[in-house]
Amino acid sequence: MKKMYVAKMAKRAGKALPVIFFSVAVMLFLVFACMEAFQTNAGIRVGVVMPPEDRLMSALLHYMEDTNRLSDVCEFEMMDEKAGREELERGEVSALVVIPEGLIEKVNRNEEAGVRVLLPEERTLDAGMIEEFSQAGVNLVLSAKAGSYTAYDLYRRYGAGGSVKQVASDIGKLYLSFLMMQERMVDDHPLRDGNGMSDRGRLMTAGLTCILILAGIPAAGFMRPADDALAMQLHRRGVSAVFMQLTTTALLTACLCGAGLCAMAAVYGVMGLKGNFALSLPALFLVCFMAASLLTLLYSMSRHAAGAALAVFLLALLFVFLPGGLFPSYVLPRGLVNFGRLLPGYFSMKTLYLALWRGRAGWEWLYPAGYGIVFCALNCAYAASGEKNRVKRVRMRGGGR
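Overview of the structure. Residues take numbers from 1 onward in each chain, read along the sequence in its written order. With pLDDT at 70 or above as the cut-off, local features in this predicted model cover only qualifying residues; side-chain atom pairs require 80 or more to be listed or tallied, and sums for whole chains, interfaces and linings still use all residues. Only hydrogens and water are removed before side-chain values are computed, so all heavy atoms of the structure are retained for them.

1. Considerations on the pairing of strand 3 (residues 95–98)
Thinking step 1. Throughout this description, buried means an accessible area under 20% of the type-specific maximum (1.4 Å probe, protein chains only), exposed means over 50%, and partly exposed covers the range between. In this text, helices come from DSSP runs of H or I with a minimum length of four residues, and strands from runs of E with a minimum of two, each type numbered from the N-terminal end. Burial of strand 3 is two-sided: the residues A95 and V97 facing one way and the residues L96 and V98 facing the other way are all buried.
Thinking step 2. When DSSP finds two or more bridges between a pair of strands, those strands are recorded as paired. Here strand 1 (residues 44–49) runs beside strand 3; their pairing, made up of 4 bridges, is parallel. By the bridge assignment, V48 is partnered in strand 3 with V97.
Thinking step 3. In this structure, strand 3 lies alongside strand 4 (residues 116–118), joined through 3 bridges in antiparallel fashion. Bridge pairing in strand 4 places V98 opposite R116.

2. Looking at a negative patch on the surface
Thinking step 1. Within this analysis, patches are made of residues with over 30% relative accessible area and no salt bridge. Like charges are joined at 9 Å or less; nonpolar side chains (Val, Leu, Ile, Met, Phe, Trp, Tyr) at 5 Å or less. Here the open area of atoms and residues is found with the Shrake-Rupley method and a 1.4 Å probe, where only the protein chains shown may cover a residue. Basic side-chain nitrogens of Lys or Arg form a salt bridge, by our definition, when they fall within 4 Å of a carboxyl oxygen of Asp or Glu. Asp and Glu count as negative and Lys and Arg as positive, but His and the ends of the chain are not part of the count. Charge positions are represented by NZ for Lys, CZ for Arg, CG for Asp and CD for Glu. Taken together, the side chains of D80, E86, E89 and E121 present a region of like negative charge at the surface.
Thinking step 2. Along the polypeptide, E86 turns up in helix 4 (residues 81–90).

3. Quick look at helix 4
Thinking step 1. Burial in helix 4 covers these residues: G84, E87 and L88. Summarising the axial view, the buried residues of helix 4 lie within an arc of 105 degrees, below the 170-degree limit, and thus occupy one face. Exposed residues lying more than 90 degrees from the buried face of helix 4 are K82, E89 and R90.
Thinking step 2. A contact between two residues is defined here by any heavy atoms of the two lying within 4.5 Å. Of the surrounding elements, those touching the buried residues of helix 4 are strand 1, strand 3 and strand 4.
Thinking step 3. Counting of polar contacts relies on pairs of N or O atoms within 3.5 Å, with two restrictions inside protein: one atom must be capable of donating a hydrogen and the other of accepting it, and residues adjacent in sequence are counted only when both atoms are side-chain atoms. Taking the backbone nitrogen of K82 as reference, a side-chain oxygen 3.2 Å away marks D80 as the first, capping residue of helix 4.
Thinking step 4. Positive backbone phi, at 80 degrees, marks G91, one or two positions downstream of helix 4. Each direction from the helix axis to a C-beta atom contributes to the arc, which is the arc of those directions.

4. Digging into a nonpolar patch on the surface
Thinking step 1. Residues F22, V26, F29 and L30 make up a contiguous nonpolar surface patch of about 430 Å² in total accessible area.
Thinking step 2. One can find L30 in helix 1 (residues 2–40).

5. Here we look at the packing of helix 11 (residues 241–271) against helix 12 (residues 277–301)
Thinking step 1. The angle between two axes is taken between their N-to-C directions and runs from 0 to 180 degrees, where each axis is a line fitted to C-alpha atoms and a helix contributes only its stretch in contact. It is the contact of helix 11 with helix 12, at a shortest axis distance of 7 Å, that shows an interaxial angle of 135 degrees. What the angle tells us is that helix 11 and helix 12 run oblique. For helix 11 against helix 12, the interelement crossing comes out right-handed.
Thinking step 2. Lys, Arg, Asp and Glu make up the charged group, whereas Ala, Val, Leu, Ile, Met, Phe, Trp, Tyr, Cys and Pro make up the nonpolar group; the residues left over, Gly among them, are polar. Split into classes, the residues belonging to the contact of helix 11 with helix 12 amount to 16 nonpolar, 9 polar and no charged. With respect to orientation, any angle under 35 degrees is reported as roughly parallel, any angle over 145 as roughly antiparallel, any angle of 65 to 115 as roughly perpendicular, and every other angle as oblique. Helix crossings are classified by the rotation of the near helix relative to the far one: an anticlockwise turn of less than a right angle makes the crossing left-handed, while a clockwise turn makes it right-handed.

6. Quick word on the side chain of T296
Thinking step 1. Structurally, T296 can be placed in helix 12.
Thinking step 2. At a separation of 2.7 Å, a polar atom in the side chain of T296 contacts the main-chain carbonyl oxygen of A292.
Thinking step 3. Those residues in contact with T296 that lie beyond four places of it in its chain are M223, Q245, T248, T249, L252 and N379.

7. Details of the nonpolar core
Thinking step 1. Only buried residues count toward a nonpolar core. Its members are Ala, Val, Leu, Ile, Met, Phe, Trp, Tyr and Cys residues joined through side-chain atoms within 4.5 Å. Counting residues in each nonpolar core, the largest one holds 67 residues, and the members touching the most others are M204, L208, F222, L252, L256 and V267.
Thinking step 2. When residues of this core are traced back to their parent elements, those giving at least two are helix 1, helix 8 (199–214), helix 9 (220–223), helix 11, helix 12, helix 13 (305–321), helix 15 (344–358) and helix 16 (366–396).
Thinking step 3. Of all the elements, helix 11 adds the most residues to this core, at 13 residues.

8. Side note on a positive patch on the surface
Thinking step 1. A contiguous patch of positive charge on the surface is contributed by K8, K11, R12, K15 and R224.
Thinking step 2. For R224, a relative accessible area of 48% corresponds to the partly exposed category.

9. Brief notes about the pattern of salt bridges
Thinking step 1. All told, the structure shown has 1 salt bridge when counted by the stated rule.
Thinking step 2. Of the charged contacts, one joins E81 and R85 as a salt bridge, the two residues approaching to 3.2 Å between their closest N and O atoms. Taken together, the residues span about one helical turn, with E81 and R85 both in helix 4 at a distance of 4 residues.
Thinking step 3. On the basis of relative accessibility, which here comes to 36%, the residue R85 falls in the partly exposed class.

10. Considering the packing of helix 8 against helix 15
Thinking step 1. Taken N-terminus to C-terminus, the directions of helix 8 and helix 15 make an angle of 120 degrees; their axes are 9 Å apart at the nearest point. Accordingly, the angle class assigned to the pair helix 8 and helix 15 is oblique. Here helix 8 runs over helix 15; the crossing is right-handed. In this structure, helix 8 contributes R200, G201, R202, M204, T205, A206, L208 and T209 to the contact, and helix 15 contributes G345, S348, M349, L352, Y353, L356 and W357.

Rendered as structure tokens:
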């Protein structure tokens, strides 16, 4: 009888499999679209007011726009000061840079020169970044000036005034080499959030985790537990409630692994990942097992499919939002992030990130497996308790042995 029950449930799972695949494909497309929109709109729009017919400043601005790392962060747009102030008030630009006339000539003559950086009254995250960039530039210029003045005084004190020009050139090269070193360091060490994940990796692993959990909603048809009458008939024929829940969990894990494998292959192809694809398979299995155990538990405890679907949706969002999956962890309250790092969604994200982006395993892999075992044990205990009460009620009514 158990073989017949497994075959019957496998047939029901097979009917739900196309819907699961279609749902995963649609959700994965939405994740890719959101990531593309995030990368397209990630630039900080900065207005630049320049004096007319200043070829040197125009060449410098074009050089800045062609710099890889700067062009990834900022989008410079030429405008007049009046229009720039209006756009700054409307929040259409994050900052307005006003460059005075003859700036390059004054710098070459070692004369005092300044650039005004106007920020909106209501500070935004982009404006705060521009302010930090400006302050960093000011500090660098002050450091360079202090080094130059110190060298001038030293050479004049020892009567070596004829070499001051060469000293100024050497100090300029020194600070320029420092800037080049910073550029290489940014290339070699991309910025990561507090979870140790890059932005692309964080968003994609959060999307995959959320997709695998939400994929249980279209699979509700074969996850709903049997009614009391059918459950008693199966019990009399040797099919226990625990066996039914374990069968459902195993079949749902297989369905999620199939859909997740296709999604993971799409992620590899679209994003050009260089991780270990073979190592990603056990990581995917652990996450799918955790998700399947949780979904089976929720649907077995819920009396209404709509309530279970709502619970799945809310948990999926909380699992990826609280640990900093949708937004970087440093912009969320620290207590909220610390709590989110105890949830299974965080460890699912870390497991997928290590496999897809790092190509290695880690101790974080133990947590999805542990959570899956806990959810499965709770599901079995709940099913066994329900079966015991059901048999007890039937015996009290005199309807069974």
